[in-house]
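Structural description and commentary
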Amino acid sequence: MTQTHTDALPDGHLRALQSLAERQPGQDSNFINIAAAQALTSLGLARHGGGGWEITPLGRNHLLRLVSSGDVEGVANLR
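Here goes a summary of the coordinates provided. (Residues numbered from 1 in each chain as written. Predicted model: local features only at pLDDT ≥ 70, side-chain atom pairs only at ≥ 80, totals over all residues. Heavy atoms only, no water.)

For the rest of this paragraph, the subject is the nonpolar core. In terms of nonpolar packing, the biggest core is built from 16 residues, with Leu9, Leu17, Leu20, Leu40, Ile55 and Leu63 touching the most fellow members. Breaking this core down by element, the ones donating at least two residues are α1 (11–22), α2 (34–42), β2 (52–55) and α3 (57–68). With 5 residues, the top contributor of residues to this core is α1. (Core = buried A, V, L, I, M, F, W, Y, C linked by side-chain atoms within 4.5 Å. Buried < 20%, exposed > 50% of the residue type's maximum accessible area, 1.4 Å probe, protein only. Helix = DSSP H or I, 4+ residues; strand = E, 2+ residues; numbered from the N terminus.)

Next up, the structure:
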């Protein structure tokens, strides 16, 4: 399998992506580093809408791939 440019996210970007994945609809988000969220947006892993920052389906798939490969533990609410 070929590694994509999103496979090696810096720790801060990965933490931001995990925080977005843990956010529940209608709930205030955990603190999100704006620079990290903007970087995730440029990769298609997050977006900014009327409800604030949110993870995209591509972002969820990225986290699921990391979890299934054992690279990340404890990512909650990946639906």
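And the narrative resumes.
This part covers the packing of α1 against α3. Packing of α1 against α3 leaves a shortest axis separation of 10 Å and a crossing angle of 110°. As summarised for this structure, α1 and α3 are arranged roughly perpendicular, according to the angle between their axes. Taking contact as the criterion, the partners of Leu14, Leu17, Gln18 and Ala21 in α1 are, on α3, Gly59, Arg60, His62, Leu63 and Leu66. Across the contact of α1 with α3, the residue classes tally to 5 nonpolar, 3 polar and 1 charged. (Axes fitted to C-alpha atoms, helices over the stretch in contact; angles between N-to-C directions. Parallel < 35°, antiparallel > 145°, perpendicular 65-115°, else oblique. Contact = heavy atoms within 4.5 Å. Nonpolar A, V, L, I, M, F, W, Y, C, P; charged D, E, K, R; others polar.)

We now examine the side chain of His62. Topologically, His62 is positioned in helix α3. Note on His62: relative accessible area 1%, which makes it buried. Looking at His62, its side chain comes within polar contact range of the side chain of Arg65, at 3.1 Å. (Polar contact = N/O pair within 3.5 Å; in protein donor to acceptor, adjacent residues only side chain to side chain.)

Let us look at the environment of Gly59. Among the structural elements, Gly59 can be located in helix α3. The spatial distance from the C-alpha of Gly59 to the C-alpha of Leu43 is 8.9 Å, given a sequence separation of 16 residues. Sequence-distant contacts of Gly59, defined by excluding residues within four places in its chain, comprise Leu17, Gly44 and Leu45.

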